[in-house]
Amino acid sequence: MVTLVFVRAPVAGRVKTRLAASLGAEGALRVYRRLAEHTLREARAVGGEVRIHFTPADAGAGVRAWLGDGARYLPQTAGDLGARMEAAFRAAFEDGAERVIIIGSDLPDLSAALLRRAFDALESHAAVIGPARDGGYYLLGMRTMIDGLFDGIPWSTDAVLARTLERLRAAGIEPALLDTLSDVDEVDDLPAGWAEWARVEGAR
């Protein structure tokens, strides 16, 4: 049982750039750090192995200092998001994992209970997906590699989920579906009070 989490080194101006248009680079960074830390707490609460795949490749020491011990830290591979996710899944399966999920690091409503449901779903389904309201997905799980699943997907568009479901069904796989959640891209996606918190923190 392995949970994969993709993170970016916490550098102002390089994370949550759309959010920064409203909160400023430092405010967006504070939100990003809070979201990623929440993600890791929930993932660790589930048990199993947590793998943090970070970028850029030379940021390992800084990311570990930020997020702490209790996880395996690995640099993301080269390529688009699909290539990087495929490589992370493949490495976990090659290391003997039998159920692997990947989760986004910008989900205020993510919970350990939801992650447990994802792993439980993989007992009876070959794949599980957590749909995002923007047309993508916040979670993908598999119990073995599904060839071609990540090829040619129009990442960062509202067609990601639909295309991925098409690929799965073409492979004869009907995935389990989790609750639909919202990830954070714009200031309107933030939970109540978060924008004010980010601004107040920055004024201290």
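A quick note: this is a predicted structure, and the numbers were derived from the prediction, not measured.

Along strand β5 (residues 127–131), 5 of the 5 residues are buried, which leaves the element largely enclosed by surrounding structure. The pairing of β5 with strand β6 (residues 137–142) spans 5 bridges and is classified as antiparallel. Of the residues in β6, the one forming a bridge with Gly-130 is Leu-139. Connecting the antiparallel pair β5 and β6 is a turn made up of 5 residues, with Gly-135 showing a positive phi of about 95°.

Quick look at unusual backbone geometry now. For the bond running from Thr-55 to Pro-56, omega is 0°, close enough to zero to count as cis. Mapped onto the elements of the fold, Pro-56 is located in the loop between β2 (49–55) and α2 (60–67). Phi is positive for Lys-16, close to 50°, though the residue is something other than glycine. Note that Lys-16 resides in the loop between β1 (2–8) and α1 (17–46). A positive phi angle is found at Ser-156, which is not glycine, with a value near 65°. Following the sequence through the fold, Ser-156 ends up in the loop between β6 and α5 (160–170).

Attention now moves to the pattern of salt bridges. Within this structure, the stated rule accounts for 13 salt bridges. A salt bridge links Arg-18 to Asp-185; its shortest N-O distance comes to 3.4 Å. Here the residue Arg-18 occupies a position in helix α1, and Asp-185 occupies one in the loop between β7 (176–177) and α6 (194–203), the gap between them amounting to 167 residues. The class of Arg-18 is partly exposed, set by a relative accessible area of 48%. Here Glu-49 ties to Arg-51 by a salt bridge, and the two come within 3.1 Å at their closest N and O atoms.

With that out of the way, let us pick up the packing of aromatic side chains. For the structure shown, the criterion picks out 4 aromatic pairs. Between Phe-89 and Phe-93, the ring centres sit 6.4 Å apart and the planes meet at 20°, which makes this aromatic pair stacked. Residue Phe-89 and its partner Phe-93 are located together in helix α3 (residues 81–94), separated by 4 residues, close to a single helical turn. Through a chain of ring-to-ring contacts, three or more aromatic side chains come together here, namely Phe-89, Phe-93 and Phe-150. Across the ring face of Trp-194, the terminal group of Arg-34 is positioned such that the distance to the ring centre comes to 3.9 Å. The side chain of Arg-34 reaches across the aromatic face of Trp-197, ending 4.6 Å from its centre.

Reading the values: the criteria
- Residues numbered from 1 in each chain as written.
- Predicted model: local features only at pLDDT ≥ 70, side-chain atom pairs only at ≥ 80, totals over all residues.
- Heavy atoms only, no water.
- Buried < 20%, exposed > 50% of the residue type's maximum accessible area, 1.4 Å probe, protein only.
- Helix = DSSP H or I, 4+ residues; strand = E, 2+ residues; numbered from the N terminus.
- Pairing = 2+ DSSP bridges.
- Salt bridge = Lys/Arg side-chain N within 4 Å of Asp/Glu carboxyl O.
- Phe/Tyr/Trp six-rings, centres within 6.5 Å; stacked < 30°, edge-to-face > 60°.
- Lys NZ or Arg CZ within 6 Å of the ring centre and 35° of its normal.

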